[in-house]
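A look at the structure
Read off the chains here:
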Amino acid sequence: MGKRKEAKLASNWKQLSASGGIIGLLVLVPLITTRTDVITWFYLTLLYIALSQSWNLIGGYAGQLNLGHAAFFGAGALAARYIWLHFGLPLPVAILGGGLAATIFAMIIGLPAFRLKGIYFVIGTLVLAEILRLVFYTILPEADVMPMKLLGTYSLIPRYYLSLLIAVLTVVIIYWISRSRLGLGLMSIREDEDAAEASGVDTQRYKLLAFTISTFLAGLAGGIYAYYSAAFRAGGLFEPVWTFDAVIIVFVGGVGTIVGPIIGSVFFVLLKQILSLYLPGGIHVAVFGVLFIIVVLFLPGGLIELMTKFRKRTSVGEHLH
Amino acid sequence: MILEVKSLSKAFGGLVAINNLDLGVIEGEIVGLIGPNGSGKTTLFNLIGGVITPDSGEIKFNDREITGFKPHIVCQSGIARTFQLTKPFAQMTALQNVMIGRMYGSEPVRSMRQAEEECEEILEFIGLGGRSLSVAATFGLVDRKRLEIARALATKPKLLLLDETMAGLNPTEMEDALQLVKAIGDSGTTLIVVEHVMKAILDISSRLVVLNYGVKIAEGKPQEVVQDKKVIEAYLGEQ
């Protein structure tokens, strides 16, 4: 008992110092290199960490396969862009506003959406994002371009730091939830809703709570993009690719784990860059589709599971020698 | 009276599963609930547990009306249940399974550490002490049933509904299970036990209630009830 606690404490310290080290290195990245392609690569990875980790809460921990995540990313991005660029308010206000916009929207649609169960919830959320995509392509058909004044002084570095800040914030929040009473409750809903109810878990309330937090974080991730993108069309923010990139990353990395979406994002962005170098445009999507199927069928625990297996095998090997 | 069921009825389409049922349970009792397949035992558990709502009638727990309450509220007010087909949280550890009950049940603790310590004790009591960090998906039938009871106990119920926890156990395992149920009863928890295994039910029940087609056909001391003509007919058919 005492030994187990000590070991736990030691591994907590190990984790904490490792995470601190990684964050420290990430803070230094723009000081080490000025290559925009490298910084963009880091920026994209962090954006995807934030987006996929936010999906991981509702999809991975609570087990509610929300395929309308793009709707909340888009709502957050659009709101942040308007508050920042068109209403001229400070950036932090805009980013928070984006998160809130996504959450308010989630609360409006959350109540009816969670009356649907299983596959109907999946279809319902997917359709929701599609409706928004079509609506915004129609009512805001023009590209939203940053004014020349801003483009003239555009620098990647503040964009990079914003993505780092939001990614770290997202990971910390999900990590904290995963080790709390709330996290346990969410997992019980994922595993068996009837048994969770019978054990005293207000499943409806906790699903909504997870949805609220998850969409708020997706809205913040949208803010990263709103601040970064020189030009976009509003409908494009609601493209299903924002949902499916996040879903693929979470499953490939390790669904319902903290490290999974992080490893998944690094792997995803790296592979995407490499594939788009050597393959004709758009083919990488097909590759990711196939990869997704392979992982779901043969490696349900994702890359995390693969790494743990490998580590176990090597440590067993060490014992033998 | 800890539980009072009054003129309770529930029909599924044309099938009357529970028909104008009255049932009272006194604190500290172990009530055995028996009856042929389809006689309404599990339906009664589902009605008490809030999984389904009755067409008419009322359910009172500690003199408080709980008819139509949602399952989590029923649990939080002090009634826990197990499922006939076990429903473990498969990808979670045994400890986590039990902690759900401890942290969301009727006297919930908020601190993870306190819940962990108390749940280790519950697992020890139930006979799963060495397996607290194993994932529930790896458990066999016997351990799954134990875990199911441990999770229900962790919610600190005043009344515990056990739905066929002994089905599929071999004689030795059943003996262990019987001792366990007795120990739970001795600790002051009131029990309603649904069981098909006659030896088991006669051994532990202080009172027996027999259902057939949703109607209570007999009630009383176990040894007397099993000799009741109506009960024998319900099980074996008329002569």
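You'll find the structure just up there.
Please read these numbers as outputs of a predicted model, since none were measured by experiment. (Residues numbered from 1 in each chain as written. Chains lettered and ligands numbered in written order. Predicted model: local features only at pLDDT ≥ 70, side-chain atom pairs only at ≥ 80, totals over all residues.)

1. A look at the overall build of chain A
Quick note on the threshold: Strands here mean DSSP runs of E at least two residues long; helices mean DSSP runs of H or I at least four residues long; both are numbered from the N terminus. Only the C-alpha atoms count toward the radius of gyration. The rule for a globule is 2.2 Å times the residue count to the power 0.38. Burial is judged by counting other C-beta atoms within 10 Å of a residue's own C-beta: 20 or more means buried, 12 or fewer means exposed, and anything between counts as partly exposed, with every C-beta placed from the backbone. In this description, any two residues whose backbone-derived C-beta atoms lie within 7 Å of each other are considered to be in contact.
Secondary structure assignment for chain A yields 14 helices and two strands. What you see for chain A is a C-alpha radius of gyration of 20 Å, in line with the 20 Å of a compact globule of 321 residues. Overall size of chain A, expressed as C-alpha extent along the three principal axes, is 65 × 50 × 40 Å. Put simply, chain A has 321 residues, and 42% of those count as buried. In chain A, 79% of the contacts between residues at least 6 apart in sequence involve partners at least 24 apart.

2. Focus on the sheet that holds strand β8 (residues 190-194) of chain B
Residues and elements named next belong to chain B. The criterion, for reference: Pairing between two strands requires that DSSP report at least two bridges joining them. A fitted line through C-alpha atoms represents every axis, and for helices the fit uses only the stretch in contact; the resulting angles, taken between N-to-C directions, go from 0 to 180 degrees.
The sheet built from six strands is open, its strands ordered β6-β7-β8-β3-β9-β10 with mixed pairing. For this open sheet the edge positions go to β6 (79-81) and β10 (215-220), each flanked by a neighbour on one side alone. Within this sheet the neighbouring strands show an average axis-to-axis angle of 20°, counted without direction. Across five bridges, strand β9 (residues 207-212) lies against β10 in antiparallel orientation. Residue pairing for β10: leucine 211 is matched across the bridge by lysine 216. Relative to strand β7 (residues 159-163), helix α1 (residues 41-49) is tilted by about 145°, and along the sheet it contacts β3 (30-34), β6, β7, β8 and β9.

3. Observations regarding helix α12 (residues 259-278) of chain A
Heads up, the condition is: Working rule for helices: expected span equals 1.5 Å times residues minus one.
The terminal C-alpha atoms of α12 of chain A lie 29 Å apart, and with 20 residues this matches the ideal 28 Å at 1.5 Å per residue to within 8%. Those residues of α12 of chain A not exposed but buried are Gly260, Pro261, Ile262, Ile263, Gly264, Ser265, Phe268 and Val269 of chain A.

4. Here we look at helix α4 (residues 112-126) of chain B
Residues and elements named next belong to chain B. Defined as follows: The reported arc concerns the directions from the helix axis to the C-beta atoms and nothing else.
Taking 1.5 Å per residue as the helical rise, α4 with its 15 residues ought to reach 21 Å, and the 21 Å between its terminal C-alpha atoms agrees with that figure. Taken together, the buried positions of α4 are occupied by Ala115, Cys119, Ile122, Leu123 and Ile126. Looking down the long axis of α4, one finds its buried residues gathered within 100° of arc, a one-sided arrangement. Pointing more than 90 degrees away from the buried face of α4 are the exposed residues Arg113, Gln114 and Glu121. The elements touched by buried residues of α4 are α3 (94-104), α5 (141-154) and α6 (171-186). Backbone geometry just downstream of α4 places glycine 127 in the positive-phi region, at approximately 95°.

5. Some details on the interface of chain A and chain B
Where we set the bar: Note on residue classes: Ala, Val, Leu, Ile, Met, Phe, Trp, Tyr, Cys and Pro are nonpolar, Asp, Glu, Lys and Arg are charged, and everything else, Gly too, is polar.
On the side of chain B, 23 residues touch chain A, which itself brings 16 residues to the contact. At the level of elements, α8 (181-191) and α9 (193-198) of chain A are the ones that each hand at least two residues to the side of chain A that touches chain B. Looking at the side of chain A that touches chain B, the element that brings in the most residues is α8 of chain A, giving six residues. Class assignment of the residues belonging to the side of chain A that touches chain B gives a composition of six nonpolar, four polar and six charged.

6. Focus on the packing of helix α4 (residues 91-113) of chain A against helix α10 (residues 203-228) of chain A
Residues and elements named next belong to chain A. Stated formally: Note: crossing handedness is left-handed where the near helix turns anticlockwise from the far helix by less than a right angle, and right-handed where it turns clockwise.
Running from amino to carboxyl end, α4 crosses α10 at an angle of 140°, the nearest separation of the two axes being 7 Å. The two elements α4 and α10 meet at a crossing, and its hand is right-handed. Residues Leu91, Ala94, Ile95, Gly98, Gly99, Ala101, Ala102, Thr103, Ala106, Met107 and Gly110 of α4 form the contact with α10, whose own contacting residues are Leu208, Phe211, Thr212, Thr215, Phe216, Ala218, Gly219, Leu220, Gly222, Gly223, Ala226 and Tyr227. Grouping the constituent residues of the contact of α4 with α10 by class yields 14 nonpolar, nine polar and no charged.

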